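Remarks on the overall topology
Single-letter residue listing:
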Amino acid sequence: MTNAILEINGLHQYFEKGTPNENHALKGIDLQLREGEFVAIIGGNGAGKSTLLNSVAGSLPVSYGQVKIAGKDVTYQSVEKRAKLISRVFQDPRQGSAPLLTVEENLSLALKRGSWRNFWSSGVKKNERNVFKQKLASLGLGLENRLSAEIGLLSGGQRQAITLLMATMRQPELLLLDEHTAALDPQTSATVMQITDKIVREEHLTAMMITHNMQDALKYGNRLIMMDHGQIAIDLNAEQKQGLTVPDLLAMFKEKSGTALTDDAVLLSD
Ligand SMILES: Nc1ncnc2c1ncn2[C@@H]1O[C@H](COP(=O)(O)OP(=O)(O)OP(=O)(O)O)[C@@H](O)[C@H]1O
Ligand SMILES: [Mg+2]
């Protein structure tokens with residue numbers, strides 16, 4: 001496929017290869033994401049979801065196979081080099097922004113792709129401030145009035161919403177969301193999920209989101225992938241996932257993998 005934003009060919013990941021503890025964590029993943037696809041990835045503990053995202057982001061060297069982003073082979077590129085193409089939001093709301101800088105300073109730094117040199121030399125310009133105000137207002141959290149608040153003083157949900165803005169400000173080719181709502185309370189998590197969906201659709205982003213929340217995986221995005229023991233067990237497009245319920249998904253998983261899905265977060269959630 002030529003217009004794929006992400007193309008993964010025959011990806012294998014081994015941990016501690018050649019030792020008695022060898023773990024074949026990804027077993028030949030082939031996956032293509034087209035522009036504008038928003039895929040939710042679910043699967044039990046240890047299925048390989050984070051390993052897959054880490055392989056795409058470059059934080060884990062690839063054992064075998066190929067990763068291409070926007071047509072470029074990035075398999076052996078460093079995280080820093082890939083960062084021009086990829087933005088990533090992590091589970092911990094403290095991870096994506098600088099706590100002692102203000103909201104507007106963090107946004108300004110993101111606009112300069114994290115270049116402190118450019119940031120210190122120009123500061124926050126007035127026209128930038130107006131753009132930030134608009135973007136913050138669109139989140140619906142009243143943050144447009146908190147431009148000069150230190151970001152470390154905001155709540156986890158407010159901070160995660162701003163991290164999303166920062167991650168998408170330069171319209172990355174690919175947005176990686178690694179259980180980015182899992183550390184938030186259910187209400188806040190729902191709000192951040194809605195904001196995520198809005199940003200991904202409005203900016204026409206291509207995104208991969210790991211979640212333990214099956215409701216979210218069904219409700220959001222236009223594709224759903226279920227991983228099992230290092231492989232893609234189920235891959236549903238928007239049409240196929242339409243009208244499915246969580247019990248339907250669990251039943252599909254059981255039929256495909258032969259075992260019930262084991263997932264702490266799912267077991268704990270109701
Ligand atoms: N750095 C590592 N060193 C050794 N083994 C690892 C490492 N990272 C992951 N693994 C192993 O690889 C397998 C896949 O792990 P991974 O973290 O990708 O699972 P996951 O689907 O993200 O699970 P969870 O839902 O629990 O986060 C597991 O067996 C795990 O123990
Ligand atoms: Mg994980």
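Predicted model, so just to flag it, every value in this text is computed and none were measured. (Residues numbered from 1 in each chain as written. Chains lettered and ligands numbered in written order. Predicted model: local features only at pLDDT ≥ 70, side-chain atom pairs only at ≥ 80, totals over all residues. Heavy atoms only, no water.)

A surface patch of like charges, here positive, comprises K81, K84, R113 and R170. By the secondary structure assignment, R170 is in the loop between helix 6 (156–168) and strand 7 (174–178). (Patch = residues over 30% accessible without salt bridge, like charges linked within 9 Å, V, L, I, M, F, W, Y side chains within 5 Å. Areas by Shrake-Rupley, 256 points an atom, 1.4 Å probe, with all protein chains shown as cover. Salt bridge = Lys/Arg side-chain N within 4 Å of Asp/Glu carboxyl O. Lys, Arg positive; Asp, Glu negative; His and termini not counted. Charge placed at Lys NZ, Arg CZ, Asp CG, Glu CD. Helix = DSSP H or I, 4+ residues; strand = E, 2+ residues; numbered from the N terminus.)

For the pair helix 3 (residues 103–111) and helix 5 (residues 126–138), the least separation of the axes is 10 Å and the interaxial angle reads 105°. As the angle between them shows, helix 3 and helix 5 are arranged roughly perpendicular. Taking contact as the criterion, the partners of V103, E104, L107, S108 and L111 in helix 3 are, on helix 5, E128, R129, F132 and L136. For the contact of helix 3 with helix 5, the class distribution of residues is five nonpolar, one polar and three charged. (Axes fitted to C-alpha atoms, helices over the stretch in contact; angles between N-to-C directions. Parallel < 35°, antiparallel > 145°, perpendicular 65-115°, else oblique. Contact = heavy atoms within 4.5 Å. Nonpolar A, V, L, I, M, F, W, Y, C, P; charged D, E, K, R; others polar.)

Moving on, we come to the site of ligand 1. In the vicinity of ligand 1, 13 residues are found, and the nearest of them are N23, G46, K49, S50 and T51. A distance of 2.8 Å separates an oxygen atom of ligand 1 from a polar side-chain atom of K49. H212 places a polar side-chain atom, nitrogen or oxygen, 3.1 Å from an oxygen atom of ligand 1. Notes on ligand 1: free accessible area 640 Å², of which the protein chains cover 61%. (Near = heavy atom within 4 Å. Polar contact = N/O pair within 3.5 Å; in protein donor to acceptor, adjacent residues only side chain to side chain.)

Further remarks concern the sheet that holds strand 10 (residues 231–237). Spatial ordering of the open sheet is given by 6-7-8-3-9-10, a layout of six strands whose pairing is mixed. The open sheet has two edge strands, strand 6 (86–89) and strand 10, and neither has a second partner. The mean angle between the axes of side-by-side strands here comes to 20°, regardless of whether they run parallel or antiparallel. Two elements, strand 9 (residues 223–228) and strand 10, share six bridges in a ladder whose sense is antiparallel. When the bridges of strand 10 are listed, M226 appears paired with I234. Of the strands in this sheet, strand 3 (38–43), strand 6, strand 7, strand 8 (207–210) and strand 9 touch helix 1 (residues 49–57), which is tilted by about 145° from strand 7. (Pairing = 2+ DSSP bridges.)

Right, let's talk about the side chain of K112 for a bit. Position of K112 relative to the elements: it lies in the loop between helix 3 and helix 4 (116–122). Engagement of the side chain of K112 in a polar contact is seen with the side chain of S108, the distance being 2.7 Å. Side chain to side chain, K112 and E128 meet in a polar contact 3.2 Å long. With residues near it in sequence (within four places) discarded, K112 still touches N118, F119, S122, G123, E128 and R170.

The next subject is the sheet that holds strand 1 (residues 4–15). On the basis of which strands lie adjacent, the open sheet formed by four strands has the order 2-1-4-5 and antiparallel pairing. Of all the strands in the sheet, the pair left with one neighbour each is strand 2 (23–34) and strand 5 (72–73). Taken together, the two bridges between strand 4 (residues 64–69) and strand 5 define a ladder with antiparallel strand orientation. Among the inter-strand pairings, I69 is bridged to a residue of strand 5, identified as K72. Across the sheet, helix 1 touches strand 1, strand 2 and strand 4, and the angle it forms with strand 1 is around 120°.

What follows covers the environment of L53. For L53, the position within the fold is in helix 1. By relative accessible area, L53 is classed as buried at 0%. Separated by 87 residues in sequence, L53 and G140 place their C-alpha atoms 29 Å apart. Sequence-distant contacts of L53, that is, excluding residues within four places in its chain, are made with I41, R88, L176, L177, D178, M208 and I210. (Buried < 20%, exposed > 50% of the residue type's maximum accessible area, 1.4 Å probe, protein only.)

Phi at E179 is positive, roughly 50°, even though this residue is not glycine. Mapped onto the elements of the fold, E179 is located in the loop between strand 7 and helix 7 (186–202). Its identity as a non-glycine residue notwithstanding, H229 has a phi of 45°, on the positive side.

Geometric descriptors of this kind do not, in isolation, establish any biological role.
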